Structure formats: C-alpha cells, structure tokens
Amino acid sequence: MTAPAVTRRRPEPSPAVVALGTRRRTTELGLLVLAVLIILGAYALASLGRNASLPADIWPFLAVLLALLVGAHLANRRLARAADSLLLPIAALLNGIGYVFIARLDQDLAALQASWTAVGIVAYVVTLLAVRDVRLLQRYRYTAGLIGVLLLILPLLPGIGRSINGARIWVSVGPVSFQPGEFAKIAFAVFFAGYLVERRELLSVATFRVGPFNTPDPKHFAPILLAWGASLVVLIFQRDLGSALLFFLLFVVMLWVATGRVSYLLVGMGLFLVGAFVSWLSFEHVQKRVSVWIDPWADPQGSGYQIIQAAYALAWGGTSGVGPGLGIAERIPYDETDFIFAIIGEELGLLGTTAILCAFLLLAGTGLRVARESRDPFPSLLAVGLTVLIAFQAFIIMGGVTRLLPLTGVTLPFVSYGGSSLVANYVLLALLVRISDQTARRAPERAVAM
Amino acid sequence: MNRQIKALGVIVIICYVAVFAKLNQVQVLQAQAYSDRPDNTRQLQRDFNQPRGDILTADGKTAATSEERRAALRYQRVYPDGELLSAVTGYYSFTLGSDGVERTYNEELAGRTPSLKLHRLSGFFSDTSSEGDVVLTVRKDLQETARDALGDRRGSVVALDPRTGAVLAMWSNPTFDPNLLSNNDAEAAAGAKALYEAAPTKPLLPKAYRERYFPGSTFKVVTATAGLTSGKVTVDSPTYPVVTSYTPPLTSKPISNFDGNACGGTLLPILARSCNSSFAQMAAETTGPDPMIDAAEAAGFNQPVELDLPRPARSVYPTDFGAVVSRPEGSAPVYEDTPKLAQTAIGQNDVRATPLQMAMVAAGAGNTGQIMAPHVMAEIRARNGDVVEKFAPFPWKESMTPEVAATMREAMVGVVTGGTAAVMATPGWEVGAKTGTAQLGTKPPRSHGWMIAFAGQPGQPAQVAVAVIVEDLPGVSAATGGSTAGPVAKAVLDKALGVSG
C-alpha cells in the first residue's frame, strides 16, 4: 500500500462539511465555557477552603484560562474545523482541575504548570499547523521509530541524563529539564501504526510452523520485537516501570488491532507475565513495588508510607470529599504528580474521582470513535495507539494509587504536574483532533450520521 | 479493525469499572476501617485544626484549654496550672499522642459524641461548634493542698468521695508539665518527653493510679476484713498472744513487730497498734488463704479497675499458696506457702496496690462496704453551658458486708482515737484510718510511709476517703507512716471537709 498523493492546496470543503464543522465548533465552545465555569468554581472553592477568601488572582486567572482555551478553540476553527467537539473540552477540564489542585498544594509549581499549559496549547496549535495531513506521517514511520529510540536513550547519556528519585528518565539542557520518554511514546505510536499497517496482511497470516503452532514468518516481527525489546530494556535500566508497562500495552494492543489475531494478545500476555516474573526475580526495586502492593503495612513508615497515606486520603474523602482546599494531603510524597488522584479523592470524594474516571473514559471513547470512523488504516491505527496511551496511562496510575495495581509512577495525563507530560499530551491530542478532522472532511455524511 | 476497536473499548471499560469498584471499596465500604487505623493521624490532624473543649475542675477553674495560633496546626493545647492537674488531664500532643482525660474523653472534647452533635442541631440557627467541656470531679483547691502538703517528697495522694466514687484529688510528685509535651512544635515536645523519660523517678507516670507499691500495714484492713467475713474472727476472739514476733509454720524466719515491741490481743487493739505478729498469725492460722484471696478480690485486687482514665494498673494479691501440707488441730490447714501468706497479711511479699486502690479500701470501710466506681468526670457540657451528660455513679465492688463494714469502721476509728493514726483526729468528725510502713527489703532498710483514712459524720457514710504514700523513706519504724504520710492525709482530709486547720 502506498501513501496517497498529497496536494499542497487544500480543496474547498463541501457545504455538508462546513455545516458539520460549524455545529461541532459551537458545541465545543459551549463545552469549553462549561469547563471554564467548573474550573473557576473549583479554584474559588479551594481558596475559600484554605484561606476563607476568594483567590486574589481570580480575574487574572480567568483571563489567562479564557485566553488559552479560546486560543485553542480558534485554532480548531481555523485548522481543524470539522474535528470532534469533545476532545479539547475534556482535556481542558482535566488540565484545569489538575491546575486547581496543584495551586492548592504548591503555588510555585502552579505558576510553572500554568506556563507549561501555555506551552502545551502552543504545541497543540503548532502540531495542527505542521500536520495538515496525518497520512504523511506514515512515510516517516522509521524516522519516528528512530526518534523514539533516541529519545528513550537520551537520559542514559552521560552529561545530559539525570536521575531523579531513582528513575533515570530526565534530560537536562541548561536550566530546562524534561522527560523525553513522554514524547517517545508518540513517536512509537506513529512507528507502530505505520509499520503495522504496511505489514498487517503478512502478520495476520500464519505461514510458519513452530511445533504445533502456526505463526507468521518471524522476519516480519523483527523490527517490532527489536523496538519493543529495546524500549523495555532501556526502561528497565531507567527503572521506569510504568512507562515500560505502557509501551508494552501499546505494542500488544496495536499488533492485535492491526492483525485481528487474538493470539497476539494472548502471546503478549504470556510475554508480559514472563517479563514481569523475570524482572521480579532480578530487580530489587520491582520486588519492593510488589511487596508494597501486597502489604503496604509491612513497612508503614518506609516503602509503604506513600500508598498507605494515599489510601487514608481516599478513605478520608469518603463519598463527597472534605471539600476543595480542606484536605490534609500535603503529607503524601509526590502529591502533585503521581498522587494527585489521591488528593482529588480526599477533597472531592468518590464523586470527584468518579468524575475524573468518567472524563478519561469519555476521552478514550472519543479516541476510539475517531479511530473507528476513520476509513484509512493508518490514521485509524494511529488513533488507536494514541488512545491506548492516554487511556491506559490514566488506568495505570489510578489503579496504582488505589492499590488495584502495583504502583508504577506515571503521571495522570493532563492532571498531574509535569511539563513534558502536559506538552506531549497536548501534541497527542492535536493528532487525534487532526485525524478526526480529516475523517469528517472525507466522509461528512457518515460523520453526520453518527 | 472495527471489531478489535470495539473490543478494545470494552477492555477499557472493564479496566475503568475495576478502578471504580476499587474506589468504592476504599472511599466508602472500608473508609471507616481505614480512618480508624491507629497509624492514621488524619482524625488527629483535623482535631488540631478545630476548637477543642476545655477541661474544668469541680470548683470551676480551667485545667486545659485550646488557644488559637497562626501556625500549621491552628490550635495549641494549654494547661494554665502546669503540673498541678497533669495526673488527671494528661496531655494532648500531635506527635506524642495523648493521656489522661484528654485521651478517655477525646470524643467529647472534640465534639463527636451523639449527644453533643444532637445538642448542636437543637441550636439550629446558631453556628456554634459541637465541642464539649469536661467538668472534673477533681477540685483545684484540694489538689493544691495535696501538692503543698507533700512538698518535695516523692509520693502520691488520692482523695475520693466514698459515696459516689468521685475522685476529689489525685496528685503524684514528681510529675510533668503537660504544656511541654503538648507543644505543637514536635521537636520541643519530643525533647521534653526524652528528658522526662530519662528521669529515674518516672515523672510521666501518673503513679496514683498506674504504679503499684507494697501496701504494708494498710493492707491489714483487708486482712481484718477477711477474718471478720470468714466468721473466725470477731471483736472478742481470738486473742492473739502478746509477742515481739511470730514465726509461721514451715519456716524459721520470724515476722517481727516494729521496733521490737511486744503486742497482741483482740481485733481492735491489734489493728490500733498494728501488730504484725497478730495479723500474720490471723492469716496463717485463723483464716487460711481463701478468705484472704476473697477479701482482697472483693476490694478490687486482681481486677481491671473501673476508672475513666487510661490504663489504670490493677493491684495484685497472690492467688496460689500451694498444696495443703498438714491439718493441725484448731488451726487453718498449713499450705506450702503459708509463710508467704503470713507476709501478705501485713502487705508484704507479693502484694502490690496502687494508691487509688488503697483509697478505695478506706472508702469501702467508710461506705458500708460499697466501693463506688472511681471516676474523674462529673459532667459534659456543651459550649453554651448546657449539661449534655452526667456521670451516673454506680457500685463497683462490695468489699465487705454492711455488718463487717460497721465493725471495720469502728476498728479504724479506734486506730485514730487510740492507736498509730492519732495524728488524723479531727474535732467534729468521725475519722477512721490505718497507717502503714512498707518495708522495701533494702539494706540499709528503707520504706514507704502510708496513711489511708476516711472521715464523715457518725452513723453516716463517710464523705471523704484518702490514701497517701510517701515513697522510699530511710529507716523502718512503726511511726513512719503516721509521721510522714499522716500530716499530708490530714491536710487533705481537713481541706476536703472544709475544716480550717
């Protein structure tokens, strides 16, 4: 299969597309206003809870919030007119709620997070500008794979790589530190999508016999196994279990979706279990994570402290929470990054955590709908990959904080503090928006019917 | 691909439903269990950020209050009288936990009991908070008297109202300043605690109800009760020989009277003169072990103490004296441990009692044999002064029958009018008492001086009972208890009765 010809000049959209776009953008604007109201209310309440007064900067806050969101919205109107109307408002809501809780925990971090949000929105617009046709990315699949690998290796290089809290996932250039792994995820999604679309016919036909099993010819696997193996090795060396798990899921799910063969999923599970067992045997930090997961009270002041405090915060929140700003969660280490979900659980209760859960579910659902509507295999598979990244990253950290899963430190997308994560997720969002926009332009009737 | 995408959607939903289920478990179903875990300090942290009720003495003085601070923890616990009431109030520290009334009545002080919450609701439109004030039975003036009378000497004072069990005073020296432990500055509090813990005299221990001592001769009240209750001892018989010492069966170690005095006779004279030889013989030969064990346990020994303060120590009396060795004619059977039994009769060997326990022994004799449950809480008040809960006194033990109690009262009054506790005599009041000198078995000899007493109108239940111990005095003599603990007990008794001394 070859990439379709690309025209520099975009064709005039049909009236149906214009009508659909207008409707979707109006909906988006309405939802954004709703998100702004919720964020503003939460911001005011959190301040009332802490200082019994409205925040002094509530008007500047509102102005910046509106400027950023209206900016993104206008970009959608100009650059992705027919795109889905839910994606941006949900991301904005999550980002805003996250900001409110970061501001409530640490004013200095909040100022940084605000800057990162601005950078994220700019990155979003730039991505929409740069990627006019998402199918073009398929051409650069190997480049993307290479970039992904390079980004992953970057923190291991002496001089620029830095290890923070035991995970060597940081790169420092001058005053700026960032986690290249956050961007590597997107690069890998592009690579996997491009490669799998090209080879999926071959990969779905079992021609090669290994004992009693029919499997596709191993040579088709090689590049993917290589990329996967390399990323896993690097991640284990970097001690970033959460990201390792996420990469693995990305790989297995995309392989399964592309080929339609459940056996990939099963083999993937098997591979995962073997990998998990081997790393449990060979790495002390993995053993520690697992034993803390099984019984955090074995070492309540040491390794179990964080997860115990998170459980206490969630329990203390109960059904409706103690109220924004009224929690006492400052005692949880990494409260503004990995554990922000526990803070939200304490102050907004089960209602708040369920709302966040629903927002992610809605985001995932929208992402998968975008994937399903797209008739082109590559954009469709890419949308699947990007959705998997967001949906399962949120699942891994929410499950970790609630002790459903062993804790592996990843950020809660859009909510947690963290510049790299935020900017990367906005880029990811922009790609989903672009795919959605292109789909609607190509098949407006179908989209209208949805 | 569409089939897989749909299936993927289902997988995502399953994962999220699992998180939702787990959230329900943590935030709702098991939330209370998590919040109640002892290492969960969230409740405490919230408590330190909202007002807490005061602790007031029976005479209306503030024993503990919360002051608002502009700090991470909004409220700081303050005890205006420092050391004076620490044995009762305890302390309330963010890092060190709590003790005393601060601990037992924490829910009331924090305003979490149903009655306080209900009271708050009834004041519908007022925005009062629900924290409650605890009013003590302890009188500040009496506490000061106890402190001043004991002075620098180590020891404890307990004063009770025998009719209700209300603790009127409870002082131990040395003690601690709860302000230092309750400091919200964790480092300062930890430093103060370490300093107190390093002191060999254990100032952090409220010894009046949590430390056990040899009761010495004050225990003869229990021995006499055992004799009377068994029916083998009356005011008329037996008459114990006038000797300087008594050697129980199966041993050659004599039990001597103090200062080499010869004494003996019937019950009243031997209690008045505190004859070691006679009481040792009474337990060993007249009653035997079972009446002794019964009398001790009826007085509260070997039982968890019904007191509204944390972890009161239980007083102990041995319950096993071995097998019967012989059954001599006209005497209780001889047991393997009869020599030990003889020593327990005078409050030595394996007998240990808290000062509170000995005050209750006196209270029982002064209150027709009824020992009311001791308590320090009189009532709980809402912030506007409404009483939401009152302590309802209830009997804890019947230490003796009313008949035996009448005899014991007479016998103890005899100790004051014509015996070792003459110092306790107070014009206009019927005072009964018993001195004690508990030998510590050290060389050179040292001892605890004891005085237990009750006072009331003749024919009426006693109004006050006291126990005083002055610890670790040099020497051993019959006069030790009366001359050391006696004046302290007398001062407290007089103050409690309103007698100007």
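Rules behind the numbers
- Here the residue numbering is sequential within each chain, running from 1 through the sequence in written order.
- Going through the entries in the order they are written, you letter the chains from A and number the ligands from 1.
- With the structure being a predicted model, the display of local features is reserved for residues of pLDDT at least 70 and the display and counting of side-chain atom pairs for 80 or more, all residues being used for whole-chain, interface and lining totals.
- Hydrogens and water molecules were not included; the side-chain quantities draw on all heavy atoms of the structure.
- Each helix corresponds to a stretch of at least 4 residues labelled H or I by DSSP, and each strand to a stretch of at least 2 residues labelled E; elements are numbered beginning at the N terminus.
- A 1.4 Å probe and the Shrake-Rupley method give the accessible areas. Residues count as covered only by the protein chains that appear here.
- Any carboxyl oxygen of Asp or Glu that lies within 4 Å of a side-chain nitrogen of Lys or Arg is treated as forming a salt bridge with it.
- The cut-offs for exposure are 20% and 50% of the maximum accessible area for each residue type, with area from a 1.4 Å probe on protein chains only; residues under the lower value are buried, those over the upper are exposed, and the others partly exposed.
- Note on pairing: DSSP must find at least two bridges between two strands before they are called paired.
- Any two residues whose heavy atoms approach within 4.5 Å are treated as being in contact.
- What pLDDT reports is the predictor's confidence in each residue, on a scale of 0 through 100.
- Here an angle of 0 to 180 degrees is reported between the N-to-C directions of two axes, which are lines fitted to C-alpha atoms, with helices fitted over the stretch in contact.
- Roughly parallel refers to an angle under 35 degrees, roughly antiparallel to one over 145, roughly perpendicular to one between 65 and 115, and oblique to any angle outside these ranges.
- By definition, turning the near helix anticlockwise from the far helix through less than a right angle yields a left-handed crossing, and turning it clockwise yields a right-handed one.
- Disulfides are defined as pairs of cysteine sulfur atoms found within 2.5 Å of each other.

Draft legend 1. Spatial organisation of the overall build of chain B. When you go through chain B residue by residue, the secondary structure sums to 19 helices and 21 strands. When the accessible surface of chain B is split by element, carbon and sulfur atoms take 53% of a total near 19500 Å².

Draft legend 2. Up close: the pattern of salt bridges. Under the definition given, this model contains 36 salt bridges over all chains. Residue Arg104 of chain A is joined to Glu347 of chain A by a salt bridge in which the shortest nitrogen-to-oxygen separation is 2.5 Å. In this pair, Arg104 of chain A sits in helix H3 (residues 87-105) while Glu347 of chain A sits in helix H12 (residues 340-373), placing the two residues 243 residues apart along the sequence. Glu347 of chain A shares its class with Arg104 of chain A; the two are buried. The partner of Asp472 of chain B in a salt bridge is Arg154 of chain B, and the shortest N-O contact between them spans 3.7 Å. Remark: Arg154 of chain B occurs in the loop between helix H8 (140-150) and strand E7 (155-161) and Asp472 of chain B occurs in strand E21 (residues 464-474); sequence separation between them is 318 residues.

Draft legend 3. Representation of the pairing of strand E20 (residues 446-456) of chain B. Residues and elements named next belong to chain B. Counting buried positions along E20 yields ten of eleven residues, so the element is predominantly enclosed. Bridge count between strand E19 (residues 430-439) and E20: ten bridges; the pairing is antiparallel. By the bridge assignment, Gln439 is partnered in E20 with Ser447. Two successive antiparallel strands, E19 and E20, enclose a turn made up of six residues, where Gly441 displays a positive phi of approximately 70 degrees. Pairing between E20 and E21: nine bridges, direction antiparallel.

Draft legend 4. Summary view of the environment of Pro291 of chain B. Residues and elements named next belong to chain B. Here Pro291 is to be found in helix H15 (residues 289-298). Separated by 60 residues in the primary sequence, Pro291 and Gly231 have C-alpha atoms spaced 9.8 Å apart. In contact with Pro291, not counting residues within four places along its chain, are Ala226 and Ser230.

Draft legend 5. Just the pairing of strand E2 (residues 62-68) of chain B, in detail. Residues and elements named next belong to chain B. With two bridges joining them, strand E1 (residues 55-56) and E2 adopt antiparallel strand pairing. By the bridge assignment, Leu56 is partnered in E2 with Thr62. Where E1 folds back on E2, the antiparallel hairpin that results is connected by five residues, among which Gly60 adopts a positive phi of roughly 80 degrees. Summarising the sheet, E2 and strand E3 (residues 75-78) pair through four bridges and their orientation is antiparallel. Bridge pairing links Glu68 to Tyr75 in E3.

Draft legend 6. Structural detail: the confidence of the model for chain A. Residues at a pLDDT of 70 or more form 89% of chain A, whose mean pLDDT is 85. Per-element averaging of pLDDT across chain A places helix H15 (residues 444-449) of chain A at the bottom with 48 and helix H13 (residues 377-401) of chain A at the top with 95.

Draft legend 7. How the structure looks around the packing of helix H6 (residues 180-204) of chain A against helix H14 (residues 419-442) of chain A. Residues and elements named next belong to chain A. Relative orientation of the contacting elements H6 and H14 amounts to 20 degrees, with a least axis distance of 8 Å. One element, H6, and the other, H14, form an angle in the roughly parallel class. As for the relative orientation of H6 and H14, their crossing is right-handed in sense. On the side of H6, the interface is formed by Glu182, Phe183 and Ile186, while H14 contributes Ser420, Ser421, Val423, Ala424, Val427, Leu428 and Leu431.

Draft legend 8. Representation of the state of the cysteines in the model. All names here are of chain B. Inspection of every chain in the model, using the stated rule, returns one disulfide over all chains. Disulfide pairing is shown between Cys263 and Cys275; the S-S distance is 2.0 Å. Of the two residues, Cys263 sits in strand E12 (residues 263-265) while Cys275 sits in the loop between helix H13 (267-273) and helix H14 (276-287), which places them twelve residues apart along the sequence. Comparing Cys263 with Cys275, the two get one shared label, buried.

Draft legend 9. A look at unusual backbone geometry. Here the residue pair Asn173 of chain B and Pro174 of chain B is connected by a cis peptide bond, since its omega of 0 degrees sits within 30 degrees of zero. Here Pro174 of chain B lies in the loop between strand E8 (166-173) and helix H9 (178-181). In this structure, Phe414 of chain A takes a positive phi of about 70 degrees despite not being glycine. Among the secondary structure elements, Phe414 of chain A is positioned in the loop between H13 and H14. The class of Phe414 of chain A is buried, set by a relative accessible area of 1%. Of note, the phi angle at Asn302 of chain B is positive, near 60 degrees, even though the residue is not glycine.

Draft legend 10. Region of the structure containing the sheet that holds strand E3 (residues 176-178) of chain A. All names here are of chain A. Taken together, three strands build an open sheet; the order of strands is E1-E2-E3 and the sheet is antiparallel. Here the strands that pair on one side only, and so sit at the sheet edges, are strand E1 (161-164) and E3. In this sheet, neighbouring strand axes are inclined to one another by 40 degrees on average, regardless of whether the strands run parallel or antiparallel. Of the strand pairs in this sheet, E1 and strand E2 (residues 167-173) are connected by three bridges, and their pairing is antiparallel. Note on E2: the bridge partner recorded for Arg162 is Trp170.

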